[in-house]
Amino acid sequence: MRETFQNDFEPLSKLYAGRLYDDAMTFKCNRQNYPDLPEWLRFTQRHSYDNGFLYGTPTSPGKSIIEVYAVNKRSYETARQILVIKIVPEKMLPYQAEFFIKLREVEKVLPSSVQDEIKQDLQKLWDTEALEIVNVTNALDRGGRVPLPIAGHFEGVYVKVGSEQYFSDCLLKVQSPGYQRQCSAEAKVKIPGGCNFCSIPSNCITWCKIELFDLTKQEPSPPAPTVGSGILESGGDFNPPESPPSRDYIPDYIVTVIVPLILAIILCLLLAYIMYGRREGVEKRNGKTNEIQLYHHHTILDNTDELRNMSGNRGVSPPLSTLPMFNSRTGERAPPLHSDSPTIPLIMAQHDPYSDTLPR
């Protein structure tokens, strides 16, 4: 119950602060000193604002110690409680029947009030009040499909009940051949007359999924095997099987080793030709390039090297290319002309074999 753990998380808030919390909680259950629950025990909690349910039917007497951990989703506090389940042997009810309730989910059936409502309908169907609920199982644990998240779709619950009184006539009609044929044809099955005792629509059973178990007619378990001396009886000499015929592994070797190796070599040669065989080289490239473009390219490289050398030492003289009256081809310098006439150029034109080819 969430209220029990809420008091453990906030024990004094109600008395002194006057605050009442309704925190979301998640529960985790396991057998003490084990990571999981016993195989006969199940746990379910639909939402963090719902209570958790431990349910199941033990198969053998004994004692199970269950650890229950609650995690407060608001403060992330944890609380721990110990639940001791003592299982005592009890007489097995000889006549049992299992019913499928389609419009229910397991956490809605586990409260005792809902179980009493279901039991009252089944008591009328069985025609006896000496009826006990033996087991409750979620349909998903029996291979059922997860329903669509739409209103009106439910997982379904299997409820098994037992009694010491034999089955009623309504239950025996389910095993009749005619009724079984209707169920196998998946047609709309008509409820036998006088056998509809469904007071609440959500508690109505599916008639084609009723199963009856008569434990008085079960066959006894086979006897345990006798333990022998451990020595095999003499049965003649051992005749080993013949060795299998020899097999030629050369085709397999060729297919698995030689063929992939040849393909790898071919791919390597093709890649080497693409990477190295189709390169034209520097000399061939320069031979196809215009001399003016090569001159411009080499000039940029030379100036770059000169600037890189100057960056290491700032005490050197300025580069020749920055001085006035400088010819970049010959390196000659001429004194500047002191004239204010706009018709006289600042740089005297000198004869250059490439001057006719330079762009204007």
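Nothing here was measured: the structure is a model prediction, and the numbers come from that model.

Cut-offs applied
Residues numbered from 1 in each chain as written. Predicted model: local features only at pLDDT ≥ 70, side-chain atom pairs only at ≥ 80, totals over all residues. Heavy atoms only, no water. Disulfide = S-S within 2.5 Å. Buried < 20%, exposed > 50% of the residue type's maximum accessible area, 1.4 Å probe, protein only. Helix = DSSP H or I, 4+ residues; strand = E, 2+ residues; numbered from the N terminus. Contact = heavy atoms within 4.5 Å. Core = buried A, V, L, I, M, F, W, Y, C linked by side-chain atoms within 4.5 Å. Pairing = 2+ DSSP bridges. Axes fitted to C-alpha atoms, helices over the stretch in contact; angles between N-to-C directions.

### Some words on the state of the cysteines
- As enumerated under the stated definition, the model contains three disulfides in all.
- The side chain of Cys198 participates in a disulfide bridge whose partner is Cys204; the two sulfur atoms lie 1.8 Å from each other. Because the sign of the S-S torsion sets the handedness, a value of about -95° for the bond joining Cys198 and Cys204 places this disulfide among the left-handed ones.
- The class of Cys198 is partly exposed, set by a relative accessible area of 26%.
- Here the protein chain pairs its bonded cysteines, counted in sequence order, in the arrangement 1-3, 2-6, 4-5.

### Remarks on the environment of Cys170
- For Cys170, the location among the structural elements is in helix H5 (residues 169-172).
- Cys170 gets classed as buried once you look at its relative accessible area, which sits at 13%.
- Through-space distance from the C-alpha of Cys170 to that of Ile191 is 9.4 Å; in sequence the pair is 21 residues apart.
- Residues in contact with Cys170, not counting those within four places in the same chain, are Leu125, Gly194, Cys195 and Trp207.

### Some points on the nonpolar core
- Grouped together as the largest cluster of nonpolar side chains are 30 residues, with contacts concentrated most on Phe99, Leu122, Leu125, Trp126, Ile205 and Trp207.
- Among the elements of the structure, strand S6 (95-101), helix H3 (106-109), helix H4 (112-126), strand S8 (157-163), H5 and helix H6 (177-184) are those that each provide at least two residues to this core.
- The leading source of residues in this core is H4, at five residues.
- Setting aside anything within four residues of it in sequence, one finds Trp126 in contact with Tyr95, Gln96, Ala97, Leu131, Val161, Ser163, Gln165, Tyr166, Phe167, Ser168 and Leu171.
- Core analysis: the next-biggest nonpolar cluster, separate from the first, contains twelve residues, Phe27, Cys29, Ile66 and Ala79 among them.

### Let's talk about the sheet that holds S6
- Overall, antiparallel pairing links the four strands, which are arranged S7-S8-S6-S9 in an open sheet. Looking at the sheet topology across the chains shown, the edges are occupied by strand S7 (132-138) and strand S9 (211-214). In this sheet, neighbouring strand axes are inclined to one another by 20° on average, regardless of whether the strands run parallel or antiparallel.
- Here six bridges tie S7 to S8, and the two strands are oriented antiparallel to one another. Paired with Asn135 across the two strands is Lys160, which belongs to S8.
- Of the strands in this sheet, S6, S7 and S8 are in contact with H4, which crosses S6 at around 120°.

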